[in-house]
Every structure is written in structure tokens, then in C-alpha cells.
Amino acid sequence: MSVSIDPSLLLSNNTKTRNSGSNLGKDEFLKILMTQLQNQDPLNPMEDKEFISQMANFSSLEQITNMNSLMQKFLDTQKTTDSILKYSEMIGKSIEWSDSGAEEAVQTGVVKAIKQKNNSIILELDNGKEITSDLVTKISQPE
């Protein structure tokens, strides 16, 4: 009896690099399972329990992967939303900022609106100026 192994499944032909601590992906898991099924001993086939167990593991892996992907999207959305909501409390407040960091260069204005641009929060002031939130040195009630 001659058994041939698909050369694309050999580790020496695998050009992908993987981190030593990474988990098996669902594609790799399915390839291993299919290889096991194709190359099993016909006189001693895989028992139903083993096959069902491996399929359950595959299903669990796929669901965990999907859940991880959705959780990452949720967290990314929360980061964006949280930033703009946090800074929205500054609307109507008087702020002081300094472009150069020198005491005499301190400027003031009242925040009219907040916007997000390229992962930065921009404060729109009542005098038409726009500054980034990281320049703010003081927040107070308007006079």
C-alpha cells in the first residue's frame, strides 16, 4: 500500500513565518485534520469520538476567533467615541493654551465645538481658531 503526502503540507515547504508563541489558526487546524483523515490507516480508522472531538475543537476555535475580531472592532470604536465624548465636556469652557510653552505666549478662548481629525481632538474656539487638545494648559468657567 502506497501513501502519498501532499508536499504543500510539509513544514519545509511552508514559507510563512510564525511566532513561536502563536496559536494554530483555523486554516492550519483544518489542514491538519484533513491530512489525518486522508492518511489514516484503513484497517484502523479514526474513532468517531476522536473525530467529533476534533470537529468540536475546530468549531470552538472558529467561534473564539470571530468573537476576538468583533471585540477588537468594538474596542476600536469605543476608543474613538470615548475621546470625543470626553472632550465634549469642554464646550462652553474657557481655556488657556500656549504654542511655545513660554508664559507670555499664553492665549485664551472659549471652546465652541470639538472635532476629531486623524486620531487627534481639535478644539474649535469662539474666535475661529482651532487648536489641538494637547496644547491646553488650563480649563475654567468663562467670565
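How each quantity is defined
Residues numbered from 1 in each chain as written. Predicted model: local features only at pLDDT ≥ 70, side-chain atom pairs only at ≥ 80, totals over all residues. Heavy atoms only, no water. Salt bridge = Lys/Arg side-chain N within 4 Å of Asp/Glu carboxyl O. Buried < 20%, exposed > 50% of the residue type's maximum accessible area, 1.4 Å probe, protein only. Helix = DSSP H or I, 4+ residues; strand = E, 2+ residues; numbered from the N terminus. Contact = heavy atoms within 4.5 Å. Pairing = 2+ DSSP bridges. Axes fitted to C-alpha atoms, helices over the stretch in contact; angles between N-to-C directions. pLDDT = per-residue confidence, 0-100. Core = buried A, V, L, I, M, F, W, Y, C linked by side-chain atoms within 4.5 Å.

Caption draft 1: Looking closely at the pattern of salt bridges. The final tally for this structure, using the stated rule, is two salt bridges. The partner of Glu 124 in a salt bridge is Lys 115, and the shortest N-O contact between them spans 3.9 Å. In this structure Lys 115 comes out as partly exposed when scored by relative accessible area, which is 30%. We note a salt bridge from Glu 130 to Lys 115, for which the minimum N-O separation is 2.8 Å. Placement of Glu 130 in strand β4 (residues 130-132) and of Lys 115 in strand β2 (residues 106-117) is noted, with a sequence separation of 15 residues between them. Members of the salt-bridge network, linked through shared partners, are Lys 115, Glu 124 and Glu 130.

Caption draft 2: The environment of Val 136, seen in detail. Structurally, Val 136 is set in strand β5 (residues 136-140). Remark: the alpha-carbon pair of Val 136 and Leu 123, spanning 13 residues in sequence, is separated by 9.5 Å. Apart from residues no more than four positions distant in its own chain, Val 136 is found in contact with Met 90, Ile 95, Glu 96, Trp 97, Leu 123 and Ile 131.

Caption draft 3: Broad picture of the pairing of β2. The pairing of strand β1 (residues 94-98) with β2 spans five bridges and is antiparallel. Its bridge partner being in β2, Trp 97 is matched across the sheet by Gln 107. Pairing geometry for β2 and strand β3 (residues 120-125), over six bridges, is antiparallel. Within β3, the position partnered with Lys 115 by the bridge is Ile 122.

Caption draft 4: Examining the pairing of β1 more closely. Burial analysis of β1 places four of its five residues in the buried class, the great majority of the element. Pairing between β1 and β5: four bridges, direction antiparallel. The residue bridging Trp 97 from the neighbouring strand is Val 136, located in β5.

Caption draft 5: Inspection of the sheet that holds β4 at higher detail. What the five strands build is an open sheet, ordered β4-β3-β2-β1-β5; its pairing is antiparallel. Unpaired on one side and paired on the other, β4 and β5 mark the two borders of the sheet. Pairwise comparison of adjacent strand axes, ignoring direction, gives a mean angle of 45° for this sheet.

Caption draft 6: Focus on the confidence of the model for the chain. With 76% of its residues at a pLDDT of 70 or more, the chain has an overall mean of 79. Per-residue pLDDT, averaged within each element of the chain, yields its smallest value for helix α1 (residues 26-38) (78) and its largest for β4 (91).

Caption draft 7: Representation of the nonpolar core in the model. Met 90, Ile 95, Trp 97, Val 111, Ile 114, Ile 121, Leu 123, Leu 125 and Ile 131 form the largest nonpolar core, which has nine residues in total. If you list the elements that add at least two residues to this core, you get β1, β2 and β3. If one sorts the elements of this core by residue count, β3 sits on top with three residues. What Trp 97 contacts, discounting residues up to four positions off in sequence, is Ala 105, Val 106, Gln 107, Thr 108, Gly 109, Leu 125, Lys 129, Ile 131, Leu 135, Val 136 and Thr 137.

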